[in-house]
Amino acid sequence: MREGLIPAVLGTVVSAGSAAFLGSKYKLAATGVLGFGLAHIVLGAIDLVEHR
């Protein structure tokens, strides 16, 4: 399995899950979790590109 694939997939799942809560009363928490998910996607993509 390629290095960086798990963080990228995990970030995608977390971002999608938190995007579902953006319209709820937990908007601030959902925004924070969305940021962490996007950070995982970016860092996973960097690893994927770096370790081709």
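Just so it is clear, the model here is predicted, and its values are computed rather than measured. (Residues numbered from 1 in each chain as written. Predicted model: local features only at pLDDT ≥ 70, side-chain atom pairs only at ≥ 80, totals over all residues. Heavy atoms only, no water.)

Peer 1: Can you tell me about the overall build of the chain, naming the residues and giving the values?
Peer 2: Scanning the chain from terminus to terminus reveals two helices and zero strands. Dimensions of the chain, computed from C-alpha atoms along their principal axes, come out at roughly 40 × 15 × 10 Å. Buried residues in the chain amount to 17% of all 52 residues. In the chain, once contacts between residues fewer than 6 apart in sequence are set aside, the share between residues at least 24 apart is 63%. Summing over all exposed atoms, the chain offers an accessible surface of approximately 3,900 Å²; the carbon and sulfur share of this is 75%. (Helix = DSSP H or I, 4+ residues; strand = E, 2+ residues; numbered from the N terminus. Buried < 20%, exposed > 50% of the residue type's maximum accessible area, 1.4 Å probe, protein only. Contact = heavy atoms within 4.5 Å. Areas by Shrake-Rupley, 256 points an atom, 1.4 Å probe, with all protein chains shown as cover.)

Peer 1: Can you explain the side chain of Ser18? Please cite residues and give values.
Peer 2: Relative to the helices and strands, Ser18 resides in helix α1 (residues 5-20). The buried category is assigned to Ser18, whose relative accessible area is 4%. At 3.1 Å, the side chain of Ser18 forms a polar contact with the backbone oxygen of Ser15. When residues no more than four places from it in sequence are discounted, the contact partners of Ser18 are Ala30, Val33 and Leu34. (Polar contact = N/O pair within 3.5 Å; in protein donor to acceptor, adjacent residues only side chain to side chain.)

Peer 1: I'd like a rundown of the packing of α1 against helix α2 (residues 27-50), residues and numbers included.
Peer 2: Two elements in contact, α1 and α2, have axes separated by 7 Å at closest approach and are oriented at 155°. In this view, α1 runs roughly antiparallel relative to α2, as classed from their interaxial angle. Where α1 crosses over α2, the two elements pack in a sense that is left-handed. Residues Leu5, Pro7, Ala8, Leu10, Gly11, Thr12, Val14, Ser15 and Ser18 of α1 form the contact with α2, whose own contacting residues are Ala30, Val33, Leu34, Gly37, Leu38, His40, Ile41, Gly44 and Leu48. (Axes fitted to C-alpha atoms, helices over the stretch in contact; angles between N-to-C directions. Parallel < 35°, antiparallel > 145°, perpendicular 65-115°, else oblique. Left-handed = near helix turned anticlockwise from the far one by under 90°.)

Peer 1: Summarise the UniProt feature "transmembrane region" (unreviewed entry) in the chain; cite the residues concerned and give the values.
Peer 2: Sequence positions flagged by UniProt for "transmembrane region" (unreviewed entry) are, in local numbering, residues 29-49. Counted over residues 29-49, helix gives 100% and strand 0%. Its end C-alpha atoms are 31 Å apart. (UniProt positions renumbered as here; feature names shortened; annotations may be inferred.)

Peer 1: Break down a nonpolar patch on the surface for me, with residues and values.
Peer 2: Taken together, Met1, Leu5, Ile6, Val9 and Val13 make up a surface patch of nonpolar side chains, about 540 Å² in accessible area. Secondary-structure assignment places Ile6 in helix α1. Residue Ile6 is classed as exposed on the basis of its relative accessible area of 54%. (Patch = residues over 30% accessible without salt bridge, like charges linked within 9 Å, V, L, I, M, F, W, Y side chains within 5 Å. Salt bridge = Lys/Arg side-chain N within 4 Å of Asp/Glu carboxyl O.)

Peer 1: Can you tell me about α2, naming the residues and giving the values?
Peer 2: In a regular helix each residue adds 1.5 Å, so 24 residues correspond to 34 Å; α2 covers 34 Å between its end C-alpha atoms and thus fits that length. Taken together, the buried positions of α2 are occupied by Ala30, Gly37, Gly44 and Leu48. Check the buried side of α2 and you find it contacts α1. (Expected span 1.5 Å × (residues − 1).)

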